[in-house]
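Take a look at the letters that make up each chain.
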Amino acid sequence: MNYTTINEFDNFIFSEVHVSDVKYSGGVFTIVLDDVKILSENSKNRDIRTMRTNGLVLKLQNAEIISLVKEGYKTYDADGNLMREDEDTAIEEADYTETMNYFLDGYAFVIEKSSDNEYIFVIDGTDEHTYNVVVTADGDSEEWDRFMNSEE
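Everything numeric here is computed off the predicted structure, so don't read it as measured data.

Some details on the side chain of Thr53
Relative to the helices and strands, Thr53 resides in strand E6 (residues 51-53). Within polar-contact distance, the side chain of Thr53 engages the backbone oxygen of Arg146 at 2.7 Å. Apart from residues lying up to four places away in sequence, Thr53 is in contact with Asp34, Asp35, Val36, Ile38, Trp144, Arg146 and Met148.

Description of unusual backbone geometry
The backbone of Glu16 shows a phi angle near 55 degrees, a positive value even though the residue is not glycine. On the secondary structure map, Glu16 appears in the loop between strand E2 (12-13) and strand E3 (17-25). Positive phi values are uncommon outside glycine, yet Asp105 reaches one of about 70 degrees. Tracing the sequence through the fold places Asp105 in the loop between helix H1 (96-100) and strand E12 (107-113).

Examining the packing of aromatic side chains
Considering all chains together, one arrives at 10 aromatic pairs under this definition. A ring pair is formed by Phe12 and Trp144, whose centres lie 5.5 Å apart and whose planes are at 85 degrees; its orientation type is edge-to-face. With Phe12 in strand E2 and Trp144 in strand E15 (residues 139-144), the pair connects residues that are 132 residues apart, well separated along the chain. Note on Tyr24 and Phe29: the rings are 6.3 Å apart at their centroids and 55 degrees apart in plane angle, and the pair reads as tilted. For Tyr24, a relative accessible area of 24% puts it in the partly exposed group. Three or more aromatic residues joined by ring pairs make a cluster, and in this case those are Tyr3, Phe9, Phe12, Phe14, Tyr119, Trp144 and Phe147.

Thoughts on the pattern of salt bridges
Under the criterion given, the structure shown has 6 salt bridges. Of the charged contacts, one joins Asp21 and Lys23 as a salt bridge, the two residues approaching to 3.2 Å between their closest N and O atoms. Arg49 is the partner of Asp47 in a salt bridge, and the nearest nitrogen-oxygen pair spans 3.1 Å. Here the residues in one salt-bridge network are Asp35, Lys37 and Arg52, joined through shared partners.

Considering the environment of Glu112
Tracing the sequence through the fold places Glu112 in strand E12. Exposure remark for Glu112: the relative accessible area of 39% places this residue in the partly exposed category. Spatially, the C-alpha atoms of Glu112 and Phe14 are 7.4 Å apart, while their sequence positions differ by 98 residues. Excluding residues within four positions of it along the chain, Glu112 makes contact with Phe9, Glu118, Tyr119 and Ile120.

Points about the sheet that holds E2
Where strands meet in a sheet, backbone hydrogen bonds hold them as pairs that are either parallel or antiparallel. Taking strand neighbours across the sheet as the criterion, the 4 strands line up as E2-E5-E6-E16 in an open arrangement whose pairing is antiparallel. Each edge of the open sheet carries a strand with a single partner, namely E2 and strand E16 (148-149).

Examining the sheet that holds E3
Overall, antiparallel pairing links the 10 strands, which are arranged E1-E15-E7-E4-E3-E12-E13-E14-E8-E11 in an open sheet. Two strands close off the open sheet at either side, each with one partner strand: strand E1 (3-6) and strand E11 (89-90). Relative to strand E14 (residues 130-136), strand E8 (residues 64-70) runs antiparallel, the two being bridged by 6 bridges. What sits directly across from Val69, in E14, is Asn132.

A few points about the nonpolar core
Note on soluble globular proteins: their nonpolar side chains tend to be buried together. One finds Phe29, Ile31, Leu60, Leu68, Phe103, Ile111 and Phe121 to be the most contacted residues of the largest nonpolar core, which totals 31 residues. Excluding residues that lie within four positions of it along the chain, Leu68 makes contacts with Thr89, Ala90, Ile91, Tyr96, Thr99, Met100, Phe103, Tyr131, Asn132 and Val133.

Calculation rules
Residues numbered from 1 in each chain as written. Predicted model: local features only at pLDDT ≥ 70, side-chain atom pairs only at ≥ 80, totals over all residues. Heavy atoms only, no water. Helix = DSSP H or I, 4+ residues; strand = E, 2+ residues; numbered from the N terminus. Polar contact = N/O pair within 3.5 Å; in protein donor to acceptor, adjacent residues only side chain to side chain. Contact = heavy atoms within 4.5 Å. Phe/Tyr/Trp six-rings, centres within 6.5 Å; stacked < 30°, edge-to-face > 60°. Buried < 20%, exposed > 50% of the residue type's maximum accessible area, 1.4 Å probe, protein only. Salt bridge = Lys/Arg side-chain N within 4 Å of Asp/Glu carboxyl O. Pairing = 2+ DSSP bridges. Core = buried A, V, L, I, M, F, W, Y, C linked by side-chain atoms within 4.5 Å.

Below, the structure is given as structure tokens:
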């Protein structure tokens, strides 16, 4: 990778990004994202405007998944009558890898850092479900190959 930043999470915009890959192993949570915005405040951005990139590798070190939840939903008929209601479902740790396979080619609507060590992911999976993932980590690193013009 040509560019690497450490603990500069706040210098990126991770909303509405494409998920190319995701792994959780050995205390490292890794997610590869496309269409990430790189703010002008980023230490590697030499431009005075927001840029973007594809193939950004976001790594969370000493990571632990605190929760992985498949969001529930409600189904209505054409007259607006409730037909079915599915509750949120907590995913067991043994099923993390299988569940995260649904993230591939999905979209992350939200990736944010809520505190010094807690990261929140809201991902629309390819199985037509939305997932909330909360990960704690000691820090983050971001790696990418090139800057591209932003379409904004």
